[in-house]
Amino acid sequence: MDNGAEIPFVLGTAGHIDHGKTALVRALTGIDCDLLEEEKRRGITIELGFAPCLLPSGKTMSIVDVPGHERFIRQMVAGSAGIDAVMLVVAADEGVMPQTREHLDILTLLGVSSGLVVINKADLADPEILELVQSEIEELTQGTFLVGCPVLRVSATRGTGIDALRGALDALAASVKPRSREGDFLMPVDRVFSVTGFGTVVTGTIYRGSVREGDSLMAMPQGIATRARSVQVHGKTIPEAFAGQRTAINLASLGLDQIARGDVVCTPGRFQASRRLNVFLQLLKNAPSPVKHWQRVRLHVGTSDVIARVFLLGNPEILPGEGASAQLYLENPLATSVGDRFVIRFYSPLRTIGGGTVLLTEAKRPRGRDGKPRVAHFLRELHSHLEAHDPAGFLDTIISEAGCISHEDLAKRAQMTPNQIASILAILEKSGRVVVVQNAFCCSREYANILLERIEKKLADFHASFAESSGMPLEELAAVSSLDAKAFRALADSLRARESFLIEGNRARLASFEPTRADPFADHAKRFRELALDRGYDLPSLTELPELVALNRNETSRFVAYLKERGLASLIGEELILLAEVERRYYDLLHALTGDVTVASVRDATQTSRKKVLPVLEYFDSRQITRRTGDKRILIK
């Protein structure tokens, strides 16, 4: 990257109140992040502060300054949610304090994995005290992501050690892997303001994807469409901003009162607002008590916080230091993304107790006796794949749980782009783990095998009952799945590799089956034709059929299937039998009618009843021979 370039790297401050975080940012950047009058009067940071920091390499990174007071943990979490690394600040004259520990716990729960420690106010302590503080820091960071990290001694007010700190930050920025720029755009909002002549501006750290001037965007959870008028990074207008950059976006057609901190700006149609989340929940070892089923907690995710209930899927409580699959039921809808890290705190008194990972942004309450353990197992599988950075395993688990799912629904659940879905499905298909059908939907191999067994059994049962039939209608066979006839046929075509069954026209049969050559219903069909032609528009019903053609009642369904297969008649309205030649008479009658085609006019013309006419007209509608508009029908063919 060229010198002077803005790198996609965000550093967050952390530490106890009055340990000099804001003073350090001012010493590094020349910018005072305490802008509020109250902050200056009280001498404490209340709101988030942001500043660009020029590094010795000539590159510029972003710093987020967070409050240290325990009353402003909400702001601290919002500022820390999008950072790449942390600068944990400990004052030499006080050492490790309660918010030092809580901030480190929160950073760990949020998945921050890089950083360094600064002993500030080093000029106020003698060497022995400094060594004692160093020992406290080593003890504090033991077993955390900061173990063995650089520990620098500086004085923000005197400027001592600032150059060394700036060099250490340069090395830290170079060591952190940049975020992927792929995927749909998502930016949690941490600040909203208005600029005269431009309108609403939002700022935040881009979590995913990129944004360009003119891009169509969506404000969530409100679901308000908007557009990026312009994009800036640290006051400079740029053509495109990427994941990992602190960004300001001027939004079109969006009022200042229509968006706030905690909302997100994202690619339209890719993210959804939800009141239920599937999550993996992890409690801190030092949590004061277990989390019980249906306990009320405060949830911090992205830059938002909301009250939620914990719905446990296994034991009635989670003990300190333990983790479990769970669902969170929110009092207000949030737009989150798969993989988001979150923090939970006791509702009262406010204290950080744990956090976790969003696995799916929409959750259904488990049903049935085995509902909870089944969902718990499903979520554990998803969590293991997320932790292992295994997107193929993650998708495979979703497909296995669904059985069969469209590519569109799969992309929504996994929050991936169509190209990402297609690429991963190609890998899964090649390995034999899924069956991909017409690049439109896919099934797990297990579901496909089960479906194949169902097809074979259904066809065997059909052949046993209808030995004279050439095969089972596909629309009837599709009932073994949750698919419509068109999708089922596509899947059935994919499953025929075993060559256990055949599809011929709109019928299917076992490959080993041959219909009987005898025609057991020839005489019955002849008699039925004569009677139906004689009755004309007075269509015979299923209940009349046995007596009309001298059939055993158990043979009625076989005979109707016989008529349908040979195109001799159709079953309409699930009760009436329409002979093909009578259907033609109806067709000619409709064309010959003068005036509107209505149920009443056709009833009068056929001298029958509404009960006999309505099913015929609805049958013509389904075949697109007619189209209903109000009480009238229009002839299409």
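Only a predicted model underlies this, so the values are computations on that prediction, with no experimental measurement involved.

The rules behind each value
Residues numbered from 1 in each chain as written. Predicted model: local features only at pLDDT ≥ 70, side-chain atom pairs only at ≥ 80, totals over all residues. Heavy atoms only, no water. Salt bridge = Lys/Arg side-chain N within 4 Å of Asp/Glu carboxyl O. Helix = DSSP H or I, 4+ residues; strand = E, 2+ residues; numbered from the N terminus. Buried < 20%, exposed > 50% of the residue type's maximum accessible area, 1.4 Å probe, protein only. Pairing = 2+ DSSP bridges. Contact = heavy atoms within 4.5 Å. Axes fitted to C-alpha atoms, helices over the stretch in contact; angles between N-to-C directions. Expected span 1.5 Å × (residues − 1). Arc of directions from axis to C-beta. Phe/Tyr/Trp six-rings, centres within 6.5 Å; stacked < 30°, edge-to-face > 60°. Lys NZ or Arg CZ within 6 Å of the ring centre and 35° of its normal.

## Comments concerning the pattern of salt bridges
Logical step 1: Scanning all chains against the criterion turns up 27 salt bridges.
Logical step 2: A salt bridge links Glu 408 to Lys 412, with the shortest nitrogen-to-oxygen separation between them at 3.9 Å. Of the two residues, Glu 408 and Lys 412 are both situated in helix α9 (residues 407-414); the distance of four residues between them amounts to about one turn of the helix.
Logical step 3: For Lys 412, a relative accessible area of 43% corresponds to the partly exposed category.
Logical step 4: With a shortest N-O distance of 2.8 Å, Arg 529 and Glu 581 are connected by a salt bridge. In this pair, Arg 529 sits in helix α14 (residues 522-535) while Glu 581 sits in helix α17 (residues 580-592), placing the two residues 52 residues apart along the sequence.
Logical step 5: Residue Arg 529 is classed as partly exposed on the basis of its relative accessible area, which comes to 38%.
Logical step 6: For Glu 581, a relative accessible area of 33% translates into the label partly exposed.

## Observations regarding the sheet that holds strand β28 (residues 472-473)
Logical step 1: In spatial order, the strands read β28-β30-β29; together these three strands make up an open sheet with antiparallel pairing. Each of the sheet's edge strands pairs with one partner strand only, and the pair in question is β28 and β29 (501-504).
Logical step 2: Both β28 and strand β30 (residues 507-510) contribute to a ladder of two bridges, which runs antiparallel. Bridging from a neighbouring strand, Pro 473 pairs with Arg 507 of β30.
Logical step 3: Together, β28, β29 and β30 form the strand contacts of helix α11 (residues 445-465), whose direction differs from that of β30 by roughly 90°.

## Focus on the side chain of Thr 357
Logical step 1: Position of Thr 357 relative to the elements: it lies in strand β24 (residues 352-360).
Logical step 2: Thr 357 sits in the buried class, given a relative accessible area of 5%.
Logical step 3: The residues contacting Thr 357, other than those within four sequence positions of it, are Asn 278, Val 279, Phe 280, Gly 339, Asp 340, Arg 341, Phe 342, His 383, Leu 386 and Glu 387.

## Concerning α14
Logical step 1: Its 14 residues give α14 an end-to-end C-alpha distance of 20 Å, which sits within 8% of 20 Å, the value for a rise of 1.5 Å per residue.
Logical step 2: For α14, the set of buried residues is His 524, Ala 525, Phe 528 and Ala 532. The buried residues of α14 occupy an angular sector of 95° when projected down its axis, which confines them to one face. Residues of α14 that are exposed and point more than 90 degrees away from the buried face comprise Asp 523, Lys 526 and Asp 534.
Logical step 3: Check the buried side of α14 and you find it contacts α15 (545-549), α16 (556-565), β32 (576-579) and α17.
Logical step 4: Count one or two residues on from α14 and you reach Gly 536, which has phi positive near 65°.

## Side note on the pairing of strand β1 (residues 6-15)
Logical step 1: For β1, the buried fraction is high: nine of the ten residues fall into the buried class.
Logical step 2: One ladder, built from four bridges, connects β1 with strand β3 (residues 60-65); its direction is parallel. The partner of Leu 11 across the bridge, within β3, is Ile 63.
Logical step 3: Direction of pairing for β1 relative to strand β4 (residues 85-91): parallel, over a ladder of five bridges. By the bridge assignment for β4, Gly 15 is matched with Val 89.

## A word on the environment of Ser 80
Logical step 1: Summarising the element assignment, Ser 80 is placed in helix α3 (residues 73-80).
Logical step 2: Sequence separation between Ser 80 and Thr 13 is 67 residues, and the spatial gap between their C-alpha atoms is 8.1 Å.
Logical step 3: Apart from the residues within four sequence positions on either side, Ser 80 is in contact with Val 66, Leu 107, Leu 110 and Val 112.

## Quick word on helix α8 (residues 391-402)
Logical step 1: Between its first and last C-alpha atoms α8 spans 17 Å; for twelve residues at 1.5 Å apiece the expected length is 16 Å, and the two agree.
Logical step 2: Buried within α8 we find Ala 392, Gly 393, Phe 394, Leu 395, Asp 396, Thr 397, Ile 398 and Ile 399.
Logical step 3: Following α8 by one or two positions, Gly 403 has its phi on the positive side, about 85°.

## Description of the packing of aromatic side chains
Logical step 1: Applying the stated criterion across every chain, the model contains ten aromatic pairs.
Logical step 2: Ring geometry for Phe 521 versus Tyr 562: centroids 5.4 Å apart, planes at 65°, classification edge-to-face. Of the two residues, Phe 521 sits in the loop between β30 and α14 while Tyr 562 sits in helix α16, which places them 41 residues apart along the sequence.
Logical step 3: With a relative accessible area of 2%, Phe 521 lands in the buried category.
Logical step 4: Grouped by ring-pair contacts, the aromatic residues Phe 521, Phe 528, Phe 559 and Tyr 562 constitute a single cluster.
Logical step 5: Just above the ring of Tyr 329 sits the side chain of Arg 276; from NZ or CZ to the centre is 4.4 Å.
Logical step 6: Over the face of the ring belonging to Trp 294 we find Arg 365, whose NZ or CZ atom lies 5.9 Å from the ring centre.

## Section: unusual backbone geometry
Logical step 1: Of note, the amide linkage connecting Met 220 to Pro 221 takes the cis form, showing an omega dihedral of 15°.
Logical step 2: Assignment of secondary structure puts Pro 221 in the loop between β11 (216-220) and β12 (224-233).
Logical step 3: One non-glycine residue, His 389, lies in the positive phi region at around 55°.
Logical step 4: If you trace the backbone, His 389 turns up in the loop between α7 (371-387) and α8.
Logical step 5: A relative accessible area of 70% means that His 389 is categorised as exposed.

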